[in-house]
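# Examination of the molecular architecture
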Amino acid sequence: AQSVAQPEDQVNVAEGNPLTVKCTYSVSGNPYLFWYVQYPNRGLQFLLKYITGDNLVKGSYGFEAEFNKSQTSFHLKKPSALVSDSALYFCAVRDPRNTGFQKLVFGTGTRLLVSP
Amino acid sequence: DAGVTQSPTHLIKTRGQQVTLRCSPKSGHDTVSWYQQALGQGPQFIFQYYEEEERQRGNFPDRFSGHQFPNYSSELNVNALLLGDSALYLCASSPQDRGRTGELFFGEGSRLTVL
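The paragraphs below set out a description of the structure included in this document. Remember, it's a predicted structure, so these values are computed and weren't measured experimentally.

### Topic: unusual backbone geometry
The omega torsion across S7 of chain B and P8 of chain B is -10°, close enough to zero to call that bond cis. With respect to the secondary-structure elements, P8 of chain B resides in the loop between β1 (5-7) and β2 (10-13). Of note in this structure, Y61 of chain A is not a glycine but carries a positive phi near 60°. Structurally, Y61 of chain A is set in the loop between β7 (56-58) and β8 (64-68).

Below, the structure written as structure tokens:
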């Protein structure tokens, strides 16, 4: 069964500094990987996805993620953090063999706190 | 273009009661799934509907049931509520022809509190 681990409950970074939110996955075969962001009392917003191709994926709001197959990781990054980036970030994986194609398996989330 | 809309936004029930949550998918989307997000946790897949049929189910008891209507909207029903059912219930939609590579679009959720 597929799974996702987000080892950090919280990441703290100063505004203007680069940020990284870590994610590792476990799935048989080539995974489909996603990052979502959740603001307080809101639903999830899609940031970016890796399906195939270039290991560096660019997404919304200046975020990017790097797929590393050998390390089974898909870390979320941004070169310069904004206070408005403070939110809860979820990594998710979908097994490409899964006929129930909407089923995503989410990590437990990482809270990003960007200080002014 | 309206996104995924859910109702009600908040509700309070007591143990043993039944609840129905509603979801309208984003325009052009024909597939709907439901997720449960307990406090401090990531969302967990409940089930998915396409063409008015349940296509896949997560590890949830039969107390959780659903329905999809011809206009693609959906309902989630939970019977015999338990305290542990307190959570944010998220509806997600996507167009079926995007298949496995398409991202999901989420509503803002229905927050259920069971007392």
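Here the narrative resumes, following the displayed structure.
### What about the interface of chain A and chain B?
Chain A puts 24 residues into the contact, and the matching count from chain B is 28 residues. Of the roughly 2200 Å² buried at the junction of chain A and chain B (both faces included), carbon and sulfur atoms supply 51%. In terms of surface lost to chain B, no three residues of chain A exceed L44, F101 and Q102 of chain A, which account for 31% of the buried area on that side. One salt bridge connects R42 of chain A with E108 of chain B, and the closest N-O pair in it is separated by 2.7 Å. At the junction of chain A with chain B, the criterion picks out five residue pairs in polar contact (both at pLDDT 80 or more). Every element with two or more residues in the side of chain A that touches chain B is listed here: β5 (32-38), β6 (44-50) and β10 (87-94) of chain A. Sort the elements by how many residues they give to the side of chain A that touches chain B and β5 of chain A lands first, with four residues.

### Observations concerning the state of the cysteines
All names here are of chain A. Tallied over the entire structure, the rule returns two disulfides over all chains. Between the sulfur atoms of C23 and its disulfide mate C91 the distance is 2.0 Å. Between C23 and C91 the disulfide shows an S-S torsion of about -60°. By sign, it is left-handed. Here C23, found in the loop between β3 (19-21) and β4 (24-26), pairs with C91, found in strand β10; they are 68 residues apart in sequence, far enough to count as distant.

Definitions and limits used
Residues numbered from 1 in each chain as written. Chains lettered and ligands numbered in written order. Predicted model: local features only at pLDDT ≥ 70, side-chain atom pairs only at ≥ 80, totals over all residues. Heavy atoms only, no water. Helix = DSSP H or I, 4+ residues; strand = E, 2+ residues; numbered from the N terminus. Contact = heavy atoms within 4.5 Å. Buried area = accessible area lost by both parts, 1.4 Å probe. Salt bridge = Lys/Arg side-chain N within 4 Å of Asp/Glu carboxyl O. Polar contact = N/O pair within 3.5 Å; in protein donor to acceptor, adjacent residues only side chain to side chain. Disulfide = S-S within 2.5 Å.

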